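So the chains spell out like this:
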Amino acid sequence: MMITYKSAGYLHLSLPRLLETLGERDRVWLWHNGDDEATIEALRPFTTDSRVHRYHHSRENVKLREPTTWLWQESSARFVSKVDDDCRVAPGWIDTFADAHEANPQFGVVGSWRHPDEDFRPELAEKKIETFHGGHRLMRNLWVQGSGYLLSRDLVDTHGYLGPQESFTGYCIRLARGGAVNGFYYPFVPEDHMDDPRSEHTLIHTDEDLRQRMPLSAQANGVNTVADWTAQLVQSAAVLQSASLDPRVYGGWRKKVKSAQKRLRTMTGRPAQW
């Protein structure tokens, strides 16, 4: 599924690339939020494409949870996924992840890697890279980003949908508590995150560009400048490569302390740290 919102500047790159990566039995579901005319016009040629199975237009920007639940409830596919409208997936990503799932039924969410090469820190990542059946390797982590992943449909049936206040990160951690093995396929399958100022396709070059586009993660973490947004992305990559694989770390009092620290930084005008 691809959810679109004020993304005309990227759709001509992200959606055709997604469609090019589909196999004969793969289908895309489209959900558009809002009434941005440029985005609606950019989408129009694709709404009748044979590879697009469903298209829904919400006049209100309902963000991510409702569209995700729509897919999970109404699709009968063996695997489900979401690709962000500002991301270009890599050729072959679906087949690679599906093969990994086939060989390893314990896999939950297998993800692409959206960070540039300079964010890779082998001294951190190598401790989390494991080899599984069929020679498939993951840099294990309890969660992956909510784009360019492949999630086993059986787990959705077992664990249900996103809770009212639950993020995709929280959902992945919930699956991990239930025994699922999550992580980033390794060697990394790249995903070009075009809202990263370091992407060759980015539209974010100045602080004003950032204010006009304002990615959800940047907004949630109190980011106001390109420098701060880039620093957050670098820090995010470091966290993914070093985060604990113990689900207890992300619940109870530890989670409350972390949330309080994040709120305090945001309230005082400092970008939140992951």
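In case you missed it, the structure is sitting above this.
Residues numbered from 1 in each chain as written. Predicted model: local features only at pLDDT ≥ 70, side-chain atom pairs only at ≥ 80, totals over all residues. Heavy atoms only, no water.

## Let's talk about the side chain of H115
Structurally, H115 is set in the loop between β6 (107-111) and α5 (122-125). Contact partners of H115, with chain neighbours within four places excluded, come to L233, S236, A237 and L240. (Helix = DSSP H or I, 4+ residues; strand = E, 2+ residues; numbered from the N terminus. Contact = heavy atoms within 4.5 Å.)

## Some words on the packing of aromatic side chains
All chains considered together, the criterion is met by 13 aromatic pairs. Aromatic pair W93 and F97: ring centres 6.1 Å apart, planes at 80°, arrangement edge-to-face. Taken together, the residues span about one helical turn, with W93 and F97 both in helix α4 (residues 93-103) at a distance of four residues. Comparing W93 with F97 shows no difference in burial state: the two are buried. Here Y149 and F168 contribute two aromatic rings whose centre-to-centre distance is 4.5 Å and whose plane-to-plane angle is 25°, an arrangement assigned as stacked. Placement of Y149 in strand β9 (residues 149-152) and of F168 in helix α7 (residues 168-177) is noted, with a sequence separation of 19 residues between them. Of the two residues, Y149 and F168, neither departs from the other in class, the shared state being buried. Among the aromatic residues, those joined into a ring-pair cluster are W113, F120, F184, Y186 and F188. (Phe/Tyr/Trp six-rings, centres within 6.5 Å; stacked < 30°, edge-to-face > 60°. Buried < 20%, exposed > 50% of the residue type's maximum accessible area, 1.4 Å probe, protein only.)

## Structural notes on the pairing of strand β10 (residues 181-186)
Burial analysis of β10 places six of its six residues in the buried class, the great majority of the element. In this structure, β6 lies alongside β10, joined through three bridges in parallel fashion. By the bridge assignment for β10, G111 is matched with F184. Strand direction decides the pairing type here: strand β8 (residues 137-140) and β10, joined by four bridges, are antiparallel. Counterpart to R137 in the pairing with β10 is Y186. (Pairing = 2+ DSSP bridges.)

## Overview of the state of the cysteines
By the definition in use, this model includes zero disulfides. Lacking any disulfide linkage, C87 is separated from the closest cysteine sulfur, that of C172, by 15 Å. Among the residues examined, C172 registers a relative accessible area of 0% and is labelled buried. (Disulfide = S-S within 2.5 Å.)

## Looking at unusual backbone geometry
Cis geometry marks the peptide bond from Y186 to P187, where omega comes out at 0°. Mapping P187 onto the fold places it in the loop between β10 and β11 (192-193). Unusually for a residue other than glycine, K63 sits at a positive phi of about 65°. Along the chain, the position of K63 falls in the loop between β3 (52-58) and α3 (65-74). With a relative accessible area of 45%, K63 lands in the partly exposed category. Of note in the backbone geometry, M214 takes a positive phi value of approximately 35° without being a glycine. As for its placement among the helices and strands, M214 is situated in the loop between α8 (207-213) and α9 (216-220).

## Side note on the sheet that holds β6
Taking strand neighbours across the sheet as the criterion, the six strands line up as β4-β9-β6-β10-β8-β7 in an open arrangement whose pairing is mixed. Each of the sheet's edge strands pairs with one partner strand only, and the pair in question is β4 (79-80) and β7 (129-131). Inspection of the sheet shows β4 paired to β9 by two bridges, in the antiparallel sense. Opposite V80, over in β9, you have L151 as the bridge partner. α4 rests against β4, β6, β9 and β10 of the sheet, and its axis sits at about 35° to β9. (Axes fitted to C-alpha atoms, helices over the stretch in contact; angles between N-to-C directions.)

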